[in-house]
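Okay, here's what each chain looks like letter by letter:
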Amino acid sequence: MSPAEIVQLIKEKFPSVILQEDLVSLEPNITVNRDEWRPLALFLRDDALLEFKALMCLSGMDYKKDLGVVYHLHSMTKMHR
């Protein structure tokens with residue numbers, strides 16, 4: 001599944017969760033609303049099309065105005081990140 005397809009699934013289930021997306025960089029990524037992170041994480045793990053069950057890396061980030069967390073997720077069964 002492509003990053004664009006994954007983002008589309010997320011938008012269908014959680015219309016307001018994505019604050020920013022970058023699907024063209026070497027590491028496609030999204031920035032999400034922290035208040036909706038837990039339900040999104042459960043969806044990413046449990047949805048049969050996604051199965052993001054491996055946490056590759058967890059990093060704390062200092063964005064100068066805010067602190068943040070970066071999760072690098074992987075689905076070993078679906079082979080997408």
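Quick notes on the rules
Residues numbered from 1 in each chain as written. Predicted model: local features only at pLDDT ≥ 70, side-chain atom pairs only at ≥ 80, totals over all residues. Heavy atoms only, no water. Buried < 20%, exposed > 50% of the residue type's maximum accessible area, 1.4 Å probe, protein only. Helix = DSSP H or I, 4+ residues; strand = E, 2+ residues; numbered from the N terminus. Arc of directions from axis to C-beta. Contact = heavy atoms within 4.5 Å. Axes fitted to C-alpha atoms, helices over the stretch in contact; angles between N-to-C directions. Parallel < 35°, antiparallel > 145°, perpendicular 65-115°, else oblique. Left-handed = near helix turned anticlockwise from the far one by under 90°. Nonpolar A, V, L, I, M, F, W, Y, C, P; charged D, E, K, R; others polar. Salt bridge = Lys/Arg side-chain N within 4 Å of Asp/Glu carboxyl O.

Draft legend 1. Representation of helix α1 (residues 3-13) within the structure. Three or more residues of α1 are buried, namely I6, V7, L9 and I10. Projection of α1 onto a plane perpendicular to its axis shows the buried side chains occupying an angular sector of 155°, all on one side. On its buried side, α1 packs onto β1 (18-22), β2 (29-32) and α2 (37-46).

Draft legend 2. Seen up close, the packing of α1 against α2. Interhelical geometry of α1 versus α2 gives an angle of 130° and a closest axis separation of 11 Å. As summarised for this structure, α1 and α2 are arranged oblique, according to the angle between their axes. As for the relative orientation of α1 and α2, their crossing is right-handed in sense. Contacts between α1 and α2 involve L9, I10 and K13 from the first element and L40, F43 and L44 from the second. Partitioned by chemical class, the residues of the contact of α1 with α2 number five nonpolar, no polar and one charged.

Draft legend 3. Layout of α2. All buried positions along α2 are accounted for by L40, F43 and L44. In a view along the axis of α2, the buried residues occupy a sector of 100°, so they form one face of it. In this structure, the buried residues of α2 make contact with α1, β2 and β4 (67-74).

Draft legend 4. How the structure looks around the pattern of salt bridges. Across all of its chains, the model carries three salt bridges by this definition. In this structure, the salt-bridge partner of K11 is E21, at a minimum N-O distance of 2.9 Å. Of this pair, K11 sits in helix α1 while E21 sits in strand β1; the two residues are ten residues apart in sequence, bridging distant segments of the chain. Of the residues examined, K11 reaches a relative accessible area of 35% and is grouped as partly exposed. Across the pair R81 and E27 runs a salt bridge whose closest N-O atoms are separated by 2.6 Å. With a gap of 54 residues between them, R81 in the segment after β4 and E27 in the loop between β1 and β2 connect regions that are remote in the sequence. Looking at E27, the relative accessible area reads 39%, which means it is partly exposed.

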